[in-house]
Amino acid sequence: MISLLSRTLLMSTPLLLGAIAEVFAERAGVMNTAIEGVFLVGAMGGFVGAYLSGNLAIGLLMAILSGIAVAAFYGWITVYLKQHQIVTGTAISILAAGLCSYFMRVFFGTPIIPLTVEPLKVIPLPVLSRIPALGPIFFTQNILTYLMYIIVPLAWFVLYRTSLGLTIRSAGENPEAVDVAGIKVDRIRFAMVVLSGAMGGIAGAFYSIGYLGMFTTNIIGGRGWIAFAICFLGNWNPLGVLAGTLVFGLAEAIAIYMQSSGSMLFPNEFFIALPYILTIVLTISRRSFNVPAKLGIPYKKEN
């Protein structure tokens, strides 16, 4: 049980980063539907940077820059050119998959043996890691999982206890009021999309250099869309997102455990599909959403 709960936190890490990223973008009024592509490009950027440099920190930096590049491209098209957000994001995600496959072939050819890097190491926290039960679960993780403990309260504080958070939420609820106050709505929205790209890039890098130590073009496998769904299920609130993320993390941890244990109780494919089945079930069962009033609607200033 301790091992399962520890893995739950581990597998929750990228989903939480991606979902919090989506919360900031959508609170400002932009659905970052390119999140799957951001995850994938972040995973590739992180792996390539780490593999070529031999340094995981450089890999993380490359993942952030890669995520920002994709998000900035998406933001320019949807925020400044006012194009359809869902269509644009879907197209960019498909394009990202093709580009990742192409550039991996350019960089490394067709290697006979899969290329690998040493993933992020587990860092037991002094004293805390020796607490019975709690220590192995919460305080024997890698640095990206420890980031979870900071990012949720920080995101909540910024959104609900600062003037910046009020501006972000107003850009998604009442952009006209933000404009009247002399603040550029498009600038706020674009900045939040870029921020979501940076966080999404780190989330993608978790899979390539934080967990598996390798990269394939199907490494994300729809988890960007799961993070997108968690933002909705968490009602665009960091605390709600945390609860939803842990549920999905547990589902993925159970799936990994059952696959590795060789259980024949259910087909292996059922456990692979479990997180995605859970996404559909929870989305259908949810009856009310506190959707930002202008979510997905480009802001066009009246003359």
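The shown structure was predicted, so the numbers you read here are calculated from the model rather than taken from an experiment.

## Some points on the overall build of the chain
Within the chain one finds 12 helices and two strands. Listing every helix and strand of the chain by position from the N terminus yields α-α-α-α-β-α-β-α-α-α-α-α-α-α. For 303 residues, the compact-globule formula gives about 19 Å, and the C-alpha radius of gyration of the chain, at 19 Å, lands near that figure. By principal-axis analysis of the C-alpha atoms, the chain measures approximately 65 × 45 × 40 Å. The buried share of the chain, taken over its 303 residues, is 48%.

## Side note on the environment of Met104
In this fold, Met104 is placed in helix H4 (residues 85–108). Along the backbone, Met104 and Met44 are 60 residues apart, and their C-alpha atoms lie at a distance of 8.1 Å. If sequence neighbours within four positions are ignored, Met104 has contacts with Met44, Phe47, Val48, Gly109 and Phe215.

## Some details on the side chain of Ser93
Inspection of the secondary structure puts Ser93 in helix H4. Here the side chain of Ser93 touches Gly37 through a polar contact of 3.2 Å, landing on its backbone nitrogen. Among residues more than four places away in sequence, those in contact with Ser93 are Thr33, Ala34, Ile35, Glu36, Gly37 and Trp225.

## Description of the packing of aromatic side chains
Scanning the model with the defined rule gives 16 aromatic pairs in all. Relative to Trp76, the ring of Phe73 has its centre 6.5 Å away and its plane inclined at 25°; by these criteria the two rings are stacked. A residue pair is termed a helical-turn pair when its members lie 3 or 4 positions apart in one helix, as Phe73 and Trp76 do in helix H3 (residues 56–80) at three residues. For Trp76, a relative accessible area of 44% translates into the label partly exposed. For the pair Phe107 and Phe108, a centre-to-centre distance of 6.2 Å together with 70° between the ring planes defines the contact as edge-to-face. Chaining the aromatic ring pairs together yields one cluster made of Phe47, Tyr51, Tyr102, Phe103, Phe107 and Phe108.

## Concerning helix H1 (residues 2–27)
When the terminal C-alpha atoms of H1 are compared, their 36 Å separation across 26 residues agrees well with the 38 Å that a helix rising 1.5 Å per residue should span. Along H1, the largest kink reaches about 35° and is centred on Thr13; proline Pro14 follows within four residues of it. Within H1, 21 of the 26 residues are buried, which leaves the element mostly enclosed by the surrounding structure. Downstream of H1 by one or two residues, Gly29 has phi in the positive range, about 105°.

## A closer look at H4
With 24 residues, H4 extends 34 Å from end C-alpha to end C-alpha; this agrees with the ideal 34 Å at 1.5 Å per step. Every buried residue belonging to H4 is among Gln85, Thr88, Gly89, Ile92, Ser93, Ala96, Cys100, Met104 and Phe108, and all of these are buried. Packed against the buried residues of H4 are helix H2 (35–53), H3 and helix H10 (223–233). Of the residues one or two after H4, Gly109 is the one with positive phi, at around 65°.

## Re the packing of H3 against H4
Between H3 and H4, whose axes approach to 10 Å, the crossing angle comes to 150°. One finds that H3 runs roughly antiparallel with respect to H4. The crossing of H3 and H4 is right-handed. Contact residues: Val70, Phe73, Tyr74, Ile77 and Thr78 in H3; Gln85, Thr88, Gly89 and Ile92 in H4. Grouping the constituent residues of the contact of H3 with H4 by class yields five nonpolar, four polar and no charged.

## Concerning the packing of H2 against helix H9 (residues 185–212)
One can describe the packing of H2 onto H9 by two numbers: an axis separation of 6 Å at closest approach and a directional angle of 60°. With respect to their mutual orientation, H2 and H9 come out oblique. The interaxial crossing formed by H2 with H9 has right-handed handedness. Of the residues in H9, those in contact with Val38, Phe39, Gly42, Ala43, Gly46, Phe47 and Ala50 of H2 are Gly197, Gly200, Gly201, Ala203, Gly204, Ala205, Tyr207, Ser208 and Ile209. Taken together, the residues of the contact of H2 with H9 sort by class into nine nonpolar, seven polar and no charged.

## Some points on unusual backbone geometry
We note that Val127 has phi near 70°; this positive angle belongs to a residue other than glycine. Note on placement: Val127 falls in the loop between strand S1 (123–124) and helix H5 (134–138). Even without a glycine there, the phi angle at Trp236 is positive, about 60°. Checked against the element boundaries, Trp236 lands in the loop between H10 and helix H11 (238–261).

## Observations regarding the environment of Gly201
As for its placement among the helices and strands, Gly201 is situated in helix H9. The sequence separation of Gly201 and Met62 amounts to 139 residues, and the corresponding C-alpha distance is 8.5 Å. Residues contacting Gly201, with those up to four places away along its chain left out, are Val38, Gly42, Ala63 and Gly67.

What counts and what doesn't
- Residues numbered from 1 in each chain as written.
- Predicted model: local features only at pLDDT ≥ 70, side-chain atom pairs only at ≥ 80, totals over all residues.
- Heavy atoms only, no water.
- Helix = DSSP H or I, 4+ residues; strand = E, 2+ residues; numbered from the N terminus.
- Rg over C-alpha atoms; globule rule 2.2 N^0.38 Å.
- Buried < 20%, exposed > 50% of the residue type's maximum accessible area, 1.4 Å probe, protein only.
- Contact = heavy atoms within 4.5 Å.
- Polar contact = N/O pair within 3.5 Å; in protein donor to acceptor, adjacent residues only side chain to side chain.
- Phe/Tyr/Trp six-rings, centres within 6.5 Å; stacked < 30°, edge-to-face > 60°.
- Expected span 1.5 Å × (residues − 1).
- Bend = angle between axes of the 7 residues up to and from the residue.
- Axes fitted to C-alpha atoms, helices over the stretch in contact; angles between N-to-C directions.
- Parallel < 35°, antiparallel > 145°, perpendicular 65-115°, else oblique.
- Left-handed = near helix turned anticlockwise from the far one by under 90°.
- Nonpolar A, V, L, I, M, F, W, Y, C, P; charged D, E, K, R; others polar.

Purely geometric numbers; function is a separate question.
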